[in-house]
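# Analysis of the macromolecular model
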Amino acid sequence: MTIKEAVLLSLEDFPKGATTREVYDNIVQKNIHTFNKEAKTPDATVSALMGDMIKKNDIRIKRFKNKNNVFCYYLSKFANNIEHTSTTKLSAKEKDKVFNERSLHPLLCKYLDFQGIMAKTIYHEKSTKVEEHQKWIHPDIVGAHFIERKNKTSNSLFKAIEKSSSLALYSFELKRKIDNDYDLKKCFFQTVSNSSWANYGYLVAFDINENLRDELARLNNSFGIGFILLKANPFESEEWFKAQEKDLDFSTIDKLCEINSDYKKFIDHVEATLTADERRFNFSKTALQNICDNFPKTEYEVREYCKKHAIPLKEDDTIE
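### A word on the overall build of the chain
Secondary structure summary: the chain contains 13 helices and 8 strands in total. With 320 residues in all, the chain has 47% of them scored as buried. A sequence separation of at least 24 residues applies to 68% of the contacts in the chain between residues at least 6 apart. About 17700 Å² of surface is accessible on the chain, with carbon and sulfur atoms providing 49% of the total.

### A short note on the nonpolar core
One finds Leu 104, Leu 107, Leu 108, Phe 172, Tyr 202, Val 204 and Ile 311 to be the most contacted residues of the largest nonpolar core, which totals 28 residues. When contributions to this core are tallied by element, the ones reaching two or more residues are α6 (105-114), β5 (167-178), β6 (200-208) and α13 (299-308). The element best represented in this core is α6, accounting for 5 residues. Discounting chain neighbours no more than four positions away, the residues touching Leu 104 are Phe 99, Leu 174, Lys 175, Arg 176, Phe 206, Leu 230 and Ile 311.

### Some thoughts on the packing of helix α11 (residues 261-275) against helix α12 (residues 278-291)
Two quantities define a packed helix pair, namely the angle between the helix axes and the distance between the axes. Between α11 and α12, the shortest axis-to-axis distance is 8 Å and the interhelical angle comes to 165°. It follows from the interaxial angle that α11 and α12 lie roughly antiparallel. For the pair α11 and α12, the crossing hand works out as left-handed. On the side of α11, the interface is formed by Lys 265, Phe 266, His 269, Val 270, Ala 272 and Thr 273, while α12 contributes Phe 281, Ser 284, Lys 285, Ala 287, Leu 288 and Ile 291.

### Digging into the side chain of Asn 199
Mapped onto the elements of the fold, Asn 199 is located in the loop between α8 (181-194) and β6. We classify Asn 199 as buried; its relative accessible area is 9%. A polar atom in the side chain of Asn 199 sits 2.9 Å from the backbone nitrogen of Leu 169. Those residues within four positions of Asn 199 in sequence are excluded, and the remaining contacts are Leu 167, Ala 168, Leu 169, Gln 244, Glu 245, Lys 246, Asp 247 and Leu 248.

### A short note on the sheet that holds strand β7 (residues 226-229)
One open sheet holds the 6 strands; their spatial order is β3-β4-β5-β6-β7-β8, and the pairing between them is mixed. The sheet is open, and its two edges are formed by β3 (118-121) and β8 (238-241), each paired on a single side. This sheet shows a mean twist of 30° between the axes of neighbouring strands, independent of strand direction. For β7 and β8, the ladder comprises 3 bridges, and the chain directions are antiparallel. Following the sheet pairing, Ile 228 is matched in β8 by Glu 239. Each of β5 and β6 touches α8; the most contacted strand, β5, lies at about 160° to it. Where helix α9 (residues 213-223) meets the sheet, it contacts β6, β7 and β8, and its direction lies at approximately 65° from that of β8.

### Some words on helix α1 (residues 3-11)
For α1, the full list of buried residues reads Ala 6, Val 7, Leu 8, Ser 10 and Leu 11. If you follow the buried residues of α1, they end up packed against α2 (20-29), α3 (42-55), β1 (61-65) and β2 (71-75).

### Description of the environment of Pro 15
Considering the arrangement of structural elements, one finds Pro 15 in the loop between α1 and α2. Separated by 58 residues in sequence, Pro 15 and Tyr 73 have C-alpha atoms that sit 9.6 Å apart.

### A few points about unusual backbone geometry
Of note, the phi angle at Asn 57 is positive, near 60°, even though the residue is not glycine. Along the chain, Asn 57 falls in the loop between α3 and β1. For Asn 57, a relative accessible area of 62% puts it in the exposed group. With phi around 60°, Ala 310 is a residue other than glycine that occupies positive phi space. Relative to the elements of secondary structure, Ala 310 occurs in the segment after α13. Given the relative accessible area of 22%, Ala 310 is considered partly exposed.

### Some details on the state of the cysteines
Considering all chains together, one arrives at 0 disulfides under this definition. The closest cysteine sulfur to the non-disulfide-bonded Cys 109 is located on Cys 292, 7.7 Å from its own sulfur. For Cys 109, a relative accessible area of 2% translates into the label buried.

### Some words on the packing of α8 against α9
Axis separation between α8 and α9 bottoms out at 11 Å; the angle between their running directions is 25°. Comparing their axes, α9 and α8 come out roughly parallel. In this structure, α8 crosses over α9, and the sense of that crossing is right-handed. Contacts from Asp 181, Leu 184, Lys 185, Phe 188, Phe 189 and Val 192 of α8 reach α9 at Glu 215, Leu 216, Arg 218, Leu 219, Asn 220 and Phe 223. In terms of residue class, the contact of α8 with α9 is made up of 7 nonpolar, 1 polar and 4 charged.

### Observations concerning the packing of aromatic side chains
Evaluated as defined, the whole model comprises 14 aromatic pairs. Ring centres of Tyr 24 and Phe 35 lie 5.5 Å apart, and the angle between their planes is 50°; on these two criteria the pair is classed as tilted. Placement of Tyr 24 in helix α2 and of Phe 35 in the loop between α2 and α3 is noted, with a sequence separation of 11 residues between them. Considered together, Tyr 24 and Phe 35 belong to a single accessibility category, that of buried residues. With a centroid separation of 5.2 Å and an interplanar angle of 90°, the aromatic rings of Trp 197 and Tyr 263 are classed as edge-to-face. Of this pair, Trp 197 sits in the loop between α8 and β6 while Tyr 263 sits in helix α11, and the two are 66 residues apart along the sequence. With a relative accessible area of 0%, Trp 197 lands in the buried category. A relative accessible area of 0% means that Tyr 263 is categorised as buried. Taking NZ or CZ as reference, Arg 63 lies 3.6 Å from the ring centre of Phe 71, over its face. Between the NZ or CZ atom of Arg 213 and the centre of the ring of Trp 240, over which it lies, the distance is 4.2 Å.

About the thresholds
- Residues numbered from 1 in each chain as written.
- Predicted model: local features only at pLDDT ≥ 70, side-chain atom pairs only at ≥ 80, totals over all residues.
- Heavy atoms only, no water.
- Helix = DSSP H or I, 4+ residues; strand = E, 2+ residues; numbered from the N terminus.
- Buried < 20%, exposed > 50% of the residue type's maximum accessible area, 1.4 Å probe, protein only.
- Contact = heavy atoms within 4.5 Å.
- Areas by Shrake-Rupley, 256 points an atom, 1.4 Å probe, with all protein chains shown as cover.
- Core = buried A, V, L, I, M, F, W, Y, C linked by side-chain atoms within 4.5 Å.
- Axes fitted to C-alpha atoms, helices over the stretch in contact; angles between N-to-C directions.
- Parallel < 35°, antiparallel > 145°, perpendicular 65-115°, else oblique.
- Left-handed = near helix turned anticlockwise from the far one by under 90°.
- Polar contact = N/O pair within 3.5 Å; in protein donor to acceptor, adjacent residues only side chain to side chain.
- Pairing = 2+ DSSP bridges.
- Disulfide = S-S within 2.5 Å.
- Nonpolar A, V, L, I, M, F, W, Y, C, P; charged D, E, K, R; others polar.
- Phe/Tyr/Trp six-rings, centres within 6.5 Å; stacked < 30°, edge-to-face > 60°.
- Lys NZ or Arg CZ within 6 Å of the ring centre and 35° of its normal.

As structure tokens, then:
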């Protein structure tokens, strides 16, 4: 019996639907299928297979989201049983909820943390009033990545000789939605301006018209700004285009330090970490991490955060 056949047989026991974990546990408990002993995550295999069946429009199974926004699967022949148990319909009040742009920051920071980048929101409203008219200078989020060698001795030598090469600074401009070419141009060149100081600049969007991908590729090739499609499940976010490396612009760094306390504090801690000797490096790095943004740590926390802030979990980024 194949795994797919085992899944279909297991679903016979769930006329009102079941999560992928419940389907897997039922397969094991009833000995419907014997998984390869060398398989490290057979439950993940079952989950992936069921998701793939849905994406390929397999007419034998369907799915809906339960009250926890988790997919439940069922056999098509049980559709009449599911009609009254599905909780995917939102109330009118829930439909009216619109998440704000800054509520996406923790999700982006979660994604960046996995990439080894410590990230912090820069609050524009903290800038000195004299500079309020200069909208296209402040990054939404700044990030720092320290390149470290495995061996402490070689790492110390590397930092001493190639100090500038042991650090990369990032700038991110985050948007809820980019729907058309006009929006794209406006957001992109705002990112070019706001990221001029950093080694790497990225435009990030939670939702984008995919017909704009070719134009994004052209702009990336011309100006070096990267693009990230952020998902509600940060681990499913997609880096469509990598940013091209450039030298730091210290005149803009100096200006930002003068006008914004959040940015200055971040740069102060980055400098302290970069110049710390081996004995104090981890202490300084922890101090930097402590001023960076907090973000949900577990998948459960991510799901709860999205529910609290009315951030929609799409089919492609739903956390199983």
